[in-house]
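# Close look at the chain arrangement
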Amino acid sequence: MSFDGTAIGGTAQQWTGMRGIGSVPSYVIMQPTTLCNLDCSYCYLPHRAHDRRMPVSVAEAVAETVNDWATDAPRFSVVWHGGEPLSAGREHLAALMAPFRGVEHHIQTNATLIDDEWCEFFAGHDIHIGLSIDGPEWMTKRRVDRGGRPAYEKIRKGIEALRRHGIPFAVLSVVSDPGPGLAAELYSFVADLGATVLGVNVEEQEGVNLRPNGHEADAVRAFWAELTAAWRRDPRLEVREVEWALRYAGAVLAGAADTLLPRRHDPIPTISHDGHVVLLSPELAGFSSPQYGDFTSGSVRDRPLREIVASTAAAPTGWIAEYLRGVEACRASCEFFGFCGGAHAANRFFEHGRFDGTQTRHCRNSKIFLLEGVLDHARAA
Ligand code: SF4
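Residues numbered from 1 in each chain as written. Predicted model: local features only at pLDDT ≥ 70, side-chain atom pairs only at ≥ 80, totals over all residues. Heavy atoms only, no water.

## Overview of the site of the ligand
Heads up, the condition is: We define proximity as follows: a residue is near a molecule or strand when any one of its heavy atoms falls within 4 Å of that partner. Starting at the N terminus, helices and strands are each numbered in turn, a helix being any DSSP run of H or I of at least four residues and a strand any DSSP run of E of at least two. Put simply, Ala, Val, Leu, Ile, Met, Phe, Trp, Tyr, Cys and Pro go in the nonpolar bin, Asp, Glu, Lys and Arg in the charged bin, and everything else, Gly too, in the polar bin.
Taken together, the residues surrounding the ligand are Cys330, Cys334, Phe337, Cys340, Gly342, Ala343, Gln359, Cys363 and Ile368. When residues of the shell around the ligand are traced back to their parent elements, those giving at least two are helix 10 (337–340) and helix 12 (361–380). Per-class residue counts for the shell around the ligand are seven nonpolar, two polar and no charged.

So, in structure tokens, the structure goes:
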């Protein structure tokens, strides 16, 4: 593949990033409850009908390590991600946040519970909001409640409350069938909502969501090309995936393609409601397999989080060691490695049943076809 005559891919020798796992993350993910008030048809979460809440003692144990990490970092985020985090209620969420010092709090929400009281809570705790809506009503039809009723109107009401209170928000949209004729409408809808950032997830086959995610290359490339064109016509907000791809293309043109990947994998600890820690892939939390067990690296009830992360990073075993072998297989075989870095462990497991394979349907949809689609737009422009 080339971009105006410049090779966009690379060779195994060229890529020096993503070797091993770092011992300090840039953020942690906290599960305040497993419960979600919605029942979206593409959801991967196994326990979303049950309200298993994180005790404050778990948050205190996590904060003991995280507060030190935050002291040493220019910026450190705690991301509250359920279930639906707002299902835990304001009082409990405030109690869970209280032990943390010097961190940036983020909440990823379905927005249906947001009202004036929640907006005051967000403002009072300086919380960054990411919310999920898949586009106009017809695109958001897979977001439904437990009775199968569309959640769209409730989401819109939540967004209106945020706007009334002047609270900025990012939007995450799931696209189930990427193809031509979707992206421009999605982009202008999200821009008109007043979001600051749009992130697009092509629906993934993972967890309890077994819907197939194989798509024609041309259709997915056309989707990404159209999204890029929409953003270039009217760059009112950041489009996460397009920015990544353009940053990579710019680095290739500047002869600096190998500088973009982090040197090591961010361990991204996810702390489940009961204190168990899953590294690298939040989507694996709550799952288990006969071959790999429950994917956890320990519990903050037994050991400090810093020890759990540092010991796993120093001597990876089990599924994590297998995943790192898969990343090396990607480095040796895939011309997109400098852009992708080996993608996510959970997608390998849920698509291949193991971690040391390489290409997945997810990486084709969201890495390979993304970069090719953005470049298709650049060539045509
Ligand atoms: S995950 Fe896919 S796109 Fe990424 S390096 Fe591996 S094969 Fe390439």
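## Some points on the packing of aromatic side chains
Selection rule: Two rings from Phe, Tyr or Trp (for Trp, the six-membered ring) form a pair when their centres are within 6.5 Å of each other. A pair whose planes differ by under 30 degrees is stacked, one over 60 is edge-to-face, and the rest are tilted. Summary of the burial criterion: residues with accessible area below 20% of their type's maximum are buried, those above 50% are exposed, and those between are partly exposed, where the area comes from a 1.4 Å probe applied to protein chains only. The criterion is that NZ of a Lys, or CZ of an Arg, lies within 6 Å of the ring centre and within 35 degrees of the ring normal, and then a charge sits over that ring.
Under the counting rule described, the total for this entry stands at 17 aromatic pairs. Ring geometry for Trp69 and Phe76: centres 6.0 Å apart, planes at 35°, overall tilted. As far as the burial class goes, Trp69 and Phe76 line up, both buried. An angle of 15° between the planes, with centres 5.4 Å apart, marks the rings of Phe349 and Phe355 as stacked. Judged by relative accessible area, which is 0%, Phe355 ranks as buried. Sitting over the face of the ring of Trp118, Arg90 holds its NZ or CZ atom 5.0 Å from the ring centroid.

## Remarks on the environment of Trp231
Filter applied, for reference: We call two residues in contact when some of their heavy atoms are within 4.5 Å. The definition of a polar contact used here is a pair of N or O atoms within 3.5 Å, where within protein one atom must be able to donate a hydrogen and the other to accept one, and adjacent residues in sequence count solely through side-chain atom pairs.
Structurally, Trp231 is set in helix 6 (residues 217–233). Look at Trp231 and you get buried, because its relative accessible area is 17%. It is 25 Å that separates the C-alpha atoms of Trp231 and Ile107, two residues lying 124 residues apart in sequence. The residues contacting Trp231, other than those within four sequence positions of it, are Tyr187, Leu237, Val239, Val242, Glu243 and Leu246. Polar side-chain contacts of Trp231 include one of 3.1 Å to the backbone oxygen of Leu237.

## Observations concerning the environment of Ile368
Within the secondary structure, Ile368 sits in helix 12. The exposure class of Ile368 is buried, given its relative accessible area of 8%. A C-alpha to C-alpha distance of 9.4 Å links Ile368 and Glu335, two positions 33 residues apart in sequence. For Ile368, the contacting residues outside a window of four places in its chain are Phe336, Gln359 and Cys363.

## Topic: unusual backbone geometry
In this chain, Gly82 is followed by Gly83 through a cis amide linkage whose omega measures 15°. Take Gly83: it is sitting in the loop between strand 4 (77–80) and helix 2 (90–97). Residue Met18 is not a glycine yet carries a positive backbone phi of 60°. Assignment of secondary structure puts Met18 in the loop between strand 2 (6–7) and strand 3 (27–30). Given the relative accessible area of 12%, Met18 is considered buried. Positive phi, normally seen in glycine, also occurs at Asp126, with a value near 50°. In this fold, Asp126 is placed in the loop between helix 3 (116–124) and strand 6 (128–132).

## Let's talk about the packing of helix 7 (residues 240–253) against helix 12
This is how it is decided: To get an axis, a line is fitted to the C-alpha atoms, and for a helix only the part in contact is used. The angle between two axes follows their N-to-C directions and goes from 0 to 180 degrees. Oblique is the label for any angle not covered by the other classes, which are roughly parallel (under 35 degrees), roughly antiparallel (over 145) and roughly perpendicular (65 to 115).
The geometry of helix 7 relative to helix 12 is characterised by a closest axis approach of 10 Å and an angle of 70° between their N-to-C directions. Comparing their axes, helix 12 and helix 7 come out roughly perpendicular. Contacts between helix 7 and helix 12 involve Glu241, Trp244, Ala245, Leu246, Tyr248 and Ala249 from the first element and Lys367, Leu370, Leu371, Val374 and Leu375 from the second. The residue makeup of the contact of helix 7 with helix 12, split by class, is nine nonpolar, no polar and two charged.

## Focus on the sheet that holds strand 3
To keep it simple, the criterion reads: Pairing between two strands is assigned when DSSP locates at least 2 bridges connecting them.
Reading across the sheet, the 10 strands line up as 9-8-7-6-5-4-3-10-11-12 and stay open at both edges, with mixed pairing between neighbours. On the outer flanks of this sheet lie strand 9 (238–239) and strand 12 (298–299), each paired with one strand and no other. Pairing of strand 4 with strand 5 (residues 104–109) involves four bridges; the strand directions are parallel. The residue of strand 5 that forms the bridge with Val78 is His105. Strands in contact with helix 4 (residues 152–164) are strand 6 and strand 7 (169–175); relative to strand 6, the strand with the most contacts, it is inclined by about 155°.

## Thoughts on the nonpolar core
Condition: Nonpolar cores were defined as sets of buried Ala, Val, Leu, Ile, Met, Phe, Trp, Tyr and Cys residues, with membership established by side-chain atoms within 4.5 Å.
In this structure, Met30, Val66, Phe100, Phe122, Leu227, Leu305 and Trp319 are the most contacted members of the largest nonpolar core, which totals 115 residues. It is helix 1 (residues 56–72) that contributes the most residues to this core, eight residues altogether. Each residue touching Met30, except ones within four places of it in the same chain, is listed here: Met54, Ala59, Val62, Val78, Val79, Trp80, His81, Phe100 and Ile271.

## As for the pattern of salt bridges
For clarity, the threshold we go by: When a carboxyl oxygen of Asp or Glu is within 4 Å of a side-chain nitrogen of Lys or Arg, the pair counts as a salt bridge.
All chains considered together, the criterion is met by 20 salt bridges. For Arg75, the salt bridge is made with Glu104, and the minimal N-O distance between the two is 2.9 Å. Remark: Glu104 occurs in strand 5 and Arg75 occurs in the loop between helix 1 and strand 4; sequence separation between them is 29 residues. Classification of Arg75 as exposed rests on a relative accessible area of 55%.

## Focus on helix 11 (residues 345–352)
Where burial is concerned, most of helix 11 is hidden: seven out of the eight residues are buried. On the buried face of helix 11, the contacting elements are helix 9 (318–333) and helix 12. At the exit of helix 11 stands Gly353, carrying a positive phi of roughly 80°.

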